[in-house]
Amino acid sequence: MNSELATLAQAEEDIDDDEDDNEKDNSESGSDDGDCGGSEPCAFDVPHFPYIDDDVDEEDKERGWRNGAGHTLFSSIFEEDSYRSSSYRYVVVSGTPLKILEHLLSDLRLDDQRGAAENRESEMLLDDFLLTYLVFMSTHDLCQALLGQYPYSMNEEGKDALFRKRKVLRLVSHWSRLYKDFLKEEEHVRSFMKTLYRYVLEDLYEFPSLEKDLKEFQKLLRRRHKQMYQQMSLKENTLQLRSPQTDHREVICCVYVSPDSYLSVHTHPALEARELLRIVALKLDKADEDMVLAVVLHTGERRMLQPSDCVYSESLTPQGKLVVCHRDLTEIMPPFTDCAELCRRPVRLLGINTWDVAAALTHLDWSLFKSIHEQELVYYTLSRSGQTAALTVLLKRCNEVQQWVMSEVLMCVSLNKRVQLLKKFIKIAAHCKAQRNLNSAFAIIMGLNTAAVSRLNQTWEKCPGKFKKLFSELELITDPSLNHKAYREAFKRMKPPKIPFMPLLLKDITFIHEGNKTFHDNLVNFEKLHMIAETVRMIRHCQSNEVIGVDSAEVRASVHYLHIIDNQQTLFELSHKLEPRA
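What this report covers is the structure whose coordinates are included nearby.

Thresholds, definitions, all that
Residue positions are counted from 1 within each chain, in the order its sequence is given. Note on the predicted model: pLDDT of at least 70 is required for a residue's local features to be given, and 80 or more for side-chain atom pairs to be given and counted; whole-chain, interface and lining totals, by contrast, use all residues. Side-chain numbers here rest on the full set of heavy atoms in the structure, without hydrogens or water. The pairing criterion for strands is at least two bridges between them, as found by DSSP. Under the DSSP-based scheme used, a helix requires at least four consecutive residues in state H or I and a strand at least two consecutive residues in state E, with every element numbered from the N terminus. Contact criterion: two residues are considered in contact whenever any of their non-hydrogen atoms come within 4.5 Å of each other. Note on definitions: angles span 0 to 180 degrees between N-to-C directions of axes, and those axes are lines fitted to C-alpha atoms, for helices only across the stretch in contact. The buried label goes to any residue with under 20% of its type's maximum accessible area, the exposed label to any with over 50%, and the partly exposed label to all in between, with areas taken from a 1.4 Å probe on protein chains only. Note that the arc is computed from the directions linking the helix axis to the C-beta atoms. For the purposes of these results, a polar contact is taken to be a pair of N or O atoms within 3.5 Å, where, inside protein, one atom must be able to donate a hydrogen and its partner to accept one; residues adjacent in sequence count only when each atom of the pair is a side-chain atom. We call a set of buried residues a nonpolar core when its members are Ala, Val, Leu, Ile, Met, Phe, Trp, Tyr or Cys and they connect through side-chain atoms within 4.5 Å of each other. In what follows, salt bridge is the name for a side-chain nitrogen of Lys or Arg lying within 4 Å of a carboxyl oxygen of Asp or Glu.

**Considering the sheet that holds strand β12 (residues 523-525)**
Right, so step 1: Read from one edge to the other, the open sheet built from three strands follows the order β5-β12-β11, with strand pairing classed as antiparallel. Single-partner strands in this sheet number two, and they are β5 (94-95) and β11 (519-520).
Right, so step 2: Along the sheet face, helix α23 (residues 526-542) touches β5 and β12 and points at about 35 degrees away from the line of β12.

Structural data, given as structure tokens:
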């Protein structure tokens, strides 16, 4: 395995970053500096939320803010300094949303002011705020607060007003880079961008130095809100809006081939019925001329689809499920508990190299994981399911890999081949771990540990001792004791790119959210937001670099199209047929 690891390490190459990756790097500028370690004191390691009363020095007052009761909300931390014998550093602990935003803007540094450690710390606080603001305020409220911070009255002094305007624009640019296309569909954001753009255009005459900031803002609008920018452009009469872009999402389409099993197809949303039938026919060794695709409604009615119909549609989900059947609308396969074809079913997985299968699983998981945005984890925690498409697909994929392992083992009638399959899956799980894909490694291990598979004593007894020892070692990373200490330590030692076990990551964020109050005395608990942001930023760290793909079409098909039994009763009946209870 060490030689395989060395081969994998040598094969990893740096790739040129595209424009979006550059944006991501910019948004990551403070992620590593936010860690608490070494001689750097942790800004959020405080026992309570202290208040400093009105008798604080005027110099300190200027660095803080006040709530309605007149208290300045600070946490003071003693810090050694190489230039001064001692100093006090003040950081955000709690405050009202508007005051936190005001403080972040006051500490925000422009291009000519960046570089110092305290500035990087301010950028980290800004990152925390933007990643987690939805926990305590809506996007509409944030847009209104930002407009309120943009000086639009003539009463303010010119220099101070200019700096405030530039800082608001810088914060909006950071927000847009961080969220990428997540903000594109927000109606409040579109209205906010239009208003802010109009403000900047009107200010350009009085503040010519805003021209550079305006150009950067125009680039942002062209990149993230292209259609809106074209509508606002002076050339909108001569511009032709482009046709809608192709949907590049990755989806999982489930088509039932028997009453208790389905084929999971990893594909694109534009998949047509004829192409899906070809995939099913290839997977099941059947002729596609005799098959049709239908939608089974909840009423039991079957509606046949035409060959050119698009089979993936969100509108199908509430109506029913996709099934492949004969032209007379009868099932192409009986239930697996009555299926005589199992004895003749080929076990194709046995003929494929285990490292290649693990690499194909890792590449597919990586394509799904790479498309996940950090913000999806926050949306998922807040139960905003409509904005977690990529995350939902990866979670579904994890469950399906576990079910696929169970199905493959229990559909194998031959004892000797079943032992070979056990060995195969144990090696695939080990290779997935070596390739830093703990999502699939977890799924395979849990699939082999389910009751329907683990009870196959004859099969496990024939499995060689070295494989059982390897499986016991792999099981350690799934050990939940001490808050999954074994998994966390193993994952921490891995270098990116790497794929975490996503259900555990979501569990961590949920525990932070539900186990800590969002507000203390009507003030936002910023320590909680920092903990959530730190956990969410793990995605950013894991997604750095790239994973090398797999060229073999046969290997790709083996993991892109999974035949899955989704009926637990059927799985247990198959298990007892293979090895009856003594």
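**Observations concerning the sheet that holds strand β10 (residues 320-326)**
Hydrogen bonds between backbone atoms are what pair the strands of a sheet, whose relative direction is either parallel or antiparallel.
Right, so step 1: With respect to topology, six strands assemble into an open sheet ordered β9-β8-β10-β6-β7-β13, the strand pairing being mixed. Edge strands, defined here as strands with exactly one partner in the open sheet, are β9 (302-304) and β13 (561-565). This sheet shows a mean twist of 35 degrees between the axes of neighbouring strands, independent of strand direction.
Right, so step 2: In this sheet, β13 lies alongside strand β7 (residues 261-267) in antiparallel orientation, the contact comprising five bridges.

**Let's talk about helix α25 (residues 568-578)**
Right, so step 1: Among all positions in α25, only Thr 570, Leu 571, Leu 574, Ser 575 and Leu 578 are buried. Down the axis of α25, the smallest arc covering the buried residues is 140 degrees, so these residues share one side. Looking at α25, the residues exposed on the side facing more than 90 degrees away from the buried face are Gln 569 and Lys 577.
Right, so step 2: Here α25 starts with a cap whose side-chain oxygen sits 2.9 Å from the backbone nitrogen of Gln 569, and that cap is Asn 567.

**Re the nonpolar core**
Soluble globular proteins tend to bury their nonpolar side chains together.
Right, so step 1: Ranked by size, the top nonpolar core spans 134 residues in total, and within it Phe 129, Trp 175, Phe 425, Ile 444, Leu 448 and Met 502 carry the most contacts.
Right, so step 2: The greatest single-element share of this core, amounting to twelve residues, is contributed by helix α15 (residues 389-410).
Right, so step 3: Apart from residues lying up to four places away in sequence, Phe 129 is in contact with Ile 100, Leu 101, Leu 104, Phe 136, Met 137, Leu 142 and Phe 526.
Right, so step 4: Cys 253, Val 257, Val 265 and Met 291 belong to the second-largest nonpolar core, a separate cluster that totals 23 residues.

**Things to note about the pattern of salt bridges**
Right, so step 1: All told, the structure shown has 19 salt bridges when counted by the stated rule.
Right, so step 2: A salt bridge links Lys 165 to Asp 203, with the nearest nitrogen and oxygen atoms 2.8 Å apart. One end of the pair, Lys 165, is in helix α7 (residues 158-179); the other, Asp 203, is in helix α8 (residues 187-203), with 38 residues separating them in the sequence. For the pair Lys 165 and Asp 203, a shared accessibility class is recorded, and that class is buried.
Right, so step 3: Here Glu 534 makes a salt bridge to Arg 537, at a shortest N to O gap of 2.7 Å. Of this pair, Glu 534 and Arg 537 both sit in helix α23, three residues apart, which is roughly one turn of the helix.
Right, so step 4: Looking at Glu 534, the relative accessible area reads 26%, which means it is partly exposed.
Right, so step 5: It is possible to trace a salt-bridge network through shared partners that takes in Asp 127, Asp 128, Glu 374, Glu 534, Arg 537 and Arg 540.

Shape is all these values report; function is a separate question.
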